[in-house]
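# Inside the fold
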Amino acid sequence: MDIGTATILMIAAIFGLLVTGLPLAFITGLVAMVFTFGWFGETALPLVTSRVFSFITEYSLVAVPMFVLMASLLDRSGIAKDLFNAMRVFAGRLPGGVAVQTIVVAFFLAALSGIIGGEIVLLGILALPQMLRLGYDKRLSIGVVCAGGALGTMMPPSIVLIIYGLIASVSIAELFTAAITPAVILMGSYIAYVLVRCLKNPEMGPPLTAETQDNPFASKLEAVKAILLPGMIAFLVLGTIYGGIASVTEAAAMGVFGVILAIVLRGEFSVAMLHHSLGQTLNTCGMIIWIGIGAAALVGVYNLMGGNRFVSGMILGMEVAPIVIILVMMAIMLVLGLFLDWIGIAMLALPIFLPIVTQLGYDPIWFGILFAVNMQVSFLSPPFGPAAFYLKSVAPPEISLKDIYLSVLPFMAIQLLVLAALLIWPQLAIWPL
């Protein structure tokens with residue numbers, strides 16, 4: 001059997017087993033073992049296990065549970081709720097103001113945790129009922145919550161960027177720096193879309209009136225005080241990274257300390273809260289590690305079979321401009337995003353694509369930002385976009401999955417436009433480096 005046939009069989013086996021409902025980690029691990037024994041025999045097993053060992057002992061992975069724990073603690077505290085209420089003071093009576101406020105709060109929450117699922121649930125509980133009560137257009141409200149929650153894939157300290165940095169062996173701090181401008185562009189694009197729609201048709205986002213203004217923060221000064229605490233936590237994490245004071249892993253630990261201290265000062269800390277947050281952290285990180293183990297084994301076997309040389313030769317042999325190859329990679333990941341989550345795509349596709357990217361002379365930091373934007377699209381895209389299922393779990397019963405899928409389409413178009421802009425003007429990402 002040649003490597004081309006083996007590649008087709010491997011892809012067919014993965015997608016065939018996905019239909020059975022088996023977890024991706026078990027699928028990739030099973031396919032890896034079958035091809036290891038079938039191609040090399042049992043003598044190659046130590047080579048595969050050594051690759052797995054090098055993945056799970058990577059020091060950068062320590063930052064992941066810290067940021068997940070931060071997000072879990074924030075979900076269970078009143079910090080995010082106060083931040084949401086405080087932003088309403090500044091949104092004022094602007095048409096679509098509560099939707100704009102939701103996007104800005106989502107941006108702040110992304111800067112605090114970098115976890116996308118938790119943001120969707122939190123905004124679905126806090127923001128969606130408010131917008132529906134105020135008479136906002138249902139689809140606009142749903143799209144704002146899903147797209148705003150997806151900002152966690154871009155805004156530091158993004159777990160997506162941490163995993164990418166680990167796979168690409170590039171500076172995570174530089175990835176964080178490069179991601180800020182595209183994240184701000186995305187946030188600004190969402191806000192511009194909401195304002196244009198609501199100014200053109202105020203019924204889509206009715207401005208607040210004296211009757212609907214039920215904000216517990218009576219003045220802007222009180223609102224600023226509510227924003228100050230999460231702002232200090234974000235500065236503690238990102239400021240120490242950009243200032244060269246702490247590594248990403250050390251900053252993650254400082255962030256957890258800052259969140260716990262803030263919760264204690266607010267009088268909300270309890271052993272039960274810490275217990276539930278630690279349990280959620282273990283579940284989330286366990287999923288990431290198991291998918292990483294399976295994917296590391298599969299990619300390791302495929303590379304031993306010569307798959308990396310096969311794919312590289314096939315792609316580099318295309319008589320097209322290098323940017324077209326990058327476009328093909330983006331298209332492949334967009335298609336994979338219809339069926340796999342971002343962790344699986346990162347672990348399976350990036351080890352194959354990244355050597356080609358560097359051979360073409362492109363900056364892997366820039367490609368990492370393209371990957372993060374691409375994963376935002378996959379986070380929203382039907383039929384398996386995780387955003388829809390996260391929101392459905394907390395949305396009112398009358399909101400169906402069809403409503404959610406239709407609502408995110410305009411925001412997916414915005415994400416694709418930003419992706420195109422980054423392809424045309426790479427300096428949008430790499431100018432601070």
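Starting afresh in each chain, residues are numbered from 1 along the sequence in its written order. Residue-level local features of this predicted model are given only where pLDDT is at least 70; pairs of side-chain atoms are given and counted only at 80 or more, and the full residue set underlies all totals for whole chains, interfaces and linings. Note that the side-chain values use all heavy atoms of the structure and ignore hydrogens as well as water.

## Thoughts on the overall build of the protein
In this text, helices come from DSSP runs of H or I with a minimum length of four residues, and strands from runs of E with a minimum of two, each type numbered from the N-terminal end. From N to C terminus, the protein includes 20 helices and zero strands. Computation of the radius of gyration draws on C-alpha atoms, with the globule rule given as 2.2 Å multiplied by the number of residues to the power 0.38. Over its C-alpha trace the protein gives a radius of gyration of 22 Å, about what one expects of a compact globule, namely 22 Å for 433 residues. Referenced to the eigenvectors of the C-alpha coordinate spread, the extents of the protein come out at roughly 75 × 45 × 45 Å. Every one of the 433 residues in the protein was classed for burial, and the buried ones make up 54%. Accessible surface, the protein as shown: approximately 17,700 Å² in total, 71% of it carbon and sulfur. Computing the positive centroid from 16 side-chain charges and the negative centroid from 19, the protein places the two 10 Å apart. Three labels apply to residues, based on accessible area from a 1.4 Å probe with only protein chains included: buried if under 20% of the type maximum, exposed if over 50%, partly exposed otherwise in between. Per-residue and other accessible areas follow the Shrake-Rupley method at a 1.4 Å probe size, with only the shown protein chains counted as cover for residues. Positive charges come from Lys and Arg alone, negative charges from Asp and Glu alone, with His and the N- and C-terminal ends not counted. Each charge is placed at NZ for Lys, CZ for Arg, CG for Asp and CD for Glu.

## Observations regarding the nonpolar core
Each nonpolar core is a collection of buried residues, namely Ala, Val, Leu, Ile, Met, Phe, Trp, Tyr and Cys, held together in the definition by side-chain atoms within 4.5 Å. Judged by nonpolar contacts, the single largest core of 157 residues is most densely connected at Phe367 and Leu380. Contacts: residue pairs with any heavy atoms within 4.5 Å of one another. Not counting the four nearest positions on each side in its chain, Leu380 is found in contact with Cys146, Ala147, Ala150, Gly385, Ala387, Val408, Phe411, Met412 and Gln415.

## Side note on the packing of aromatic side chains
Here the distance between the centres and the angle between the planes together describe a pair of aromatic rings. Pairing of aromatic rings covers Phe, Tyr and Trp, the last counted by its six-membered ring, and requires centre-to-centre distances within 6.5 Å; plane angles under 30 degrees mean stacked, over 60 mean edge-to-face, and any other angle means tilted. Per the stated rule, a full pass over the model turns up five aromatic pairs. Both rings, one in Tyr193 and one in Phe411, keep their centres 5.3 Å apart while their planes meet at 75°; by these two values the pair is edge-to-face. Here Tyr193 is found in helix α10 (residues 172-200), whereas its partner Phe411 is found in helix α19 (residues 401-424), with 218 residues between them in sequence. Across this residue pair, the class does not change: Tyr193 and Phe411 are buried. Through a chain of ring-to-ring contacts, the aromatic side chains of Tyr190, Tyr193 and Phe411 assemble into a single cluster.

## Here we look at the confidence of the model for the protein
Mean pLDDT over the protein stands at 83; residues scoring 70 or higher make up 93%. The score called pLDDT rates the predictor's confidence residue by residue, from a low of 0 to a high of 100. Put simply, helix α5 (residues 79-91) is where the protein has its lowest mean pLDDT, 70, and α19 is where it has its highest, 93.

## Overview of a nonpolar patch on the surface
Distance thresholds for patches are 9 Å for like charges and 5 Å for nonpolar side chains (Val, Leu, Ile, Met, Phe, Trp, Tyr), applied to residues having over 30% relative accessible area and no salt bridge. What counts as a salt bridge is simple: a side-chain nitrogen of Lys or Arg found within 4 Å of a carboxyl oxygen of Asp or Glu. A contiguous nonpolar surface patch, about 570 Å² in accessible area, is contributed by Met1, Leu9, Trp39, Phe40, Leu47 and Leu304. Along the polypeptide, Met1 turns up in the segment before α1 (3-19). A relative accessible area of 65% means that Met1 is categorised as exposed.

## Comments concerning the side chain of Thr181
Positionally, Thr181 belongs in helix α10. A residue is classified by how much of its surface remains accessible, and Thr181, at 18% relative accessible area, is buried. Within the structure, Thr181 has its side chain in polar contact with the side chain of Trp431 (distance 3.0 Å). Residues contacting Thr181, with those up to four places away along its chain left out, are Leu428 and Trp431. Counted as a polar contact is a pair of N or O atoms within 3.5 Å, where, for protein atoms, one must be capable of donating a hydrogen and the other of accepting one, and residues adjacent in sequence contribute only when both atoms are in side chains.

## Observations regarding the packing of α10 against α19
With their axes 10 Å apart at the nearest point, α10 and α19 run at an angle of 140° to one another. The pairing of α10 with α19 is recorded here as oblique in orientation. Handedness of the α10/α19 crossing: right-handed. The segment α10 lies against α19, with Pro182, Ile185, Leu186, Ser189, Tyr190 and Tyr193 engaging Pro410, Phe411, Ile414, Gln415, Val418 and Leu422. Broken down by class, the residue content of the contact of α10 with α19 amounts to 10 nonpolar, two polar and no charged. For helices, the fitted line uses only the C-alpha atoms of the stretch in contact; every axis is such a line through C-alpha atoms, and the angle between N-to-C directions lies from 0 to 180 degrees. Our angle categories are set so that under 35 degrees counts as roughly parallel, over 145 as roughly antiparallel, 65 to 115 as roughly perpendicular, and the remainder as oblique. Note: crossing handedness is left-handed where the near helix turns anticlockwise from the far helix by less than a right angle, and right-handed where it turns clockwise. When residues are sorted by character, Ala, Val, Leu, Ile, Met, Phe, Trp, Tyr, Cys and Pro go into the nonpolar class, Asp, Glu, Lys and Arg into the charged class, and all the rest, Gly among them, into the polar class.

## Let's talk about the pattern of salt bridges
Tallied over the entire structure, the rule returns two salt bridges. In this structure, Lys138 engages Asp403 in a salt bridge whose closest nitrogen and oxygen atoms are separated by 3.3 Å. Within this pair, whereas Lys138 is found in helix α8 (residues 138-149), its partner Asp403 is found in helix α19, the two being separated by 265 residues in sequence. For Arg266, the salt bridge goes to Glu268, with nearest N and O atoms at 3.0 Å. The exposure class of Arg266 is partly exposed, given its relative accessible area of 28%. Since its relative accessible area comes to 25%, Glu268 is described here as partly exposed.

## Brief notes about helix α16 (residues 342-359)
Side chains three or four residues apart in an α-helix point the same way, a direct result of the helix having 3.6 residues per turn. By this rule the span expected of a helix is its residue count minus one, scaled by 1.5 Å. With 18 residues, α16 ought to run about 26 Å at 1.5 Å a step, and its terminal C-alpha atoms sit 24 Å apart, in line with that. Of all the bends in α16, the largest measures some 50° and sits at Leu350, one to four residues before the proline Pro351. Of all 18 residues that make up α16, 15 are buried, and the element is covered over most of its length. At any given residue, the bend is defined as the angle formed between two axes, one fitted to the seven residues that end at that position and one fitted to the seven that begin there.

## Some details on the environment of Leu401
When you line up the elements, Leu401 lands in helix α19. Among residues more than four places away in sequence, those in contact with Leu401 are Ala388, Phe389 and Lys392.

## A word on unusual backbone geometry
Most peptide bonds adopt trans geometry, and most residues besides glycine take a negative phi value. The omega torsion across Pro156 and Pro157 is 5°, close enough to zero to call that bond cis. With respect to the helices, strands and loops of the structure, Pro157 is situated in the loop between α8 and α9 (159-168). Of note, the phi angle at Ser169 is positive, near 55°, even though the residue is not glycine. Within the element layout of this structure, Ser169 appears in the loop between α9 and α10.

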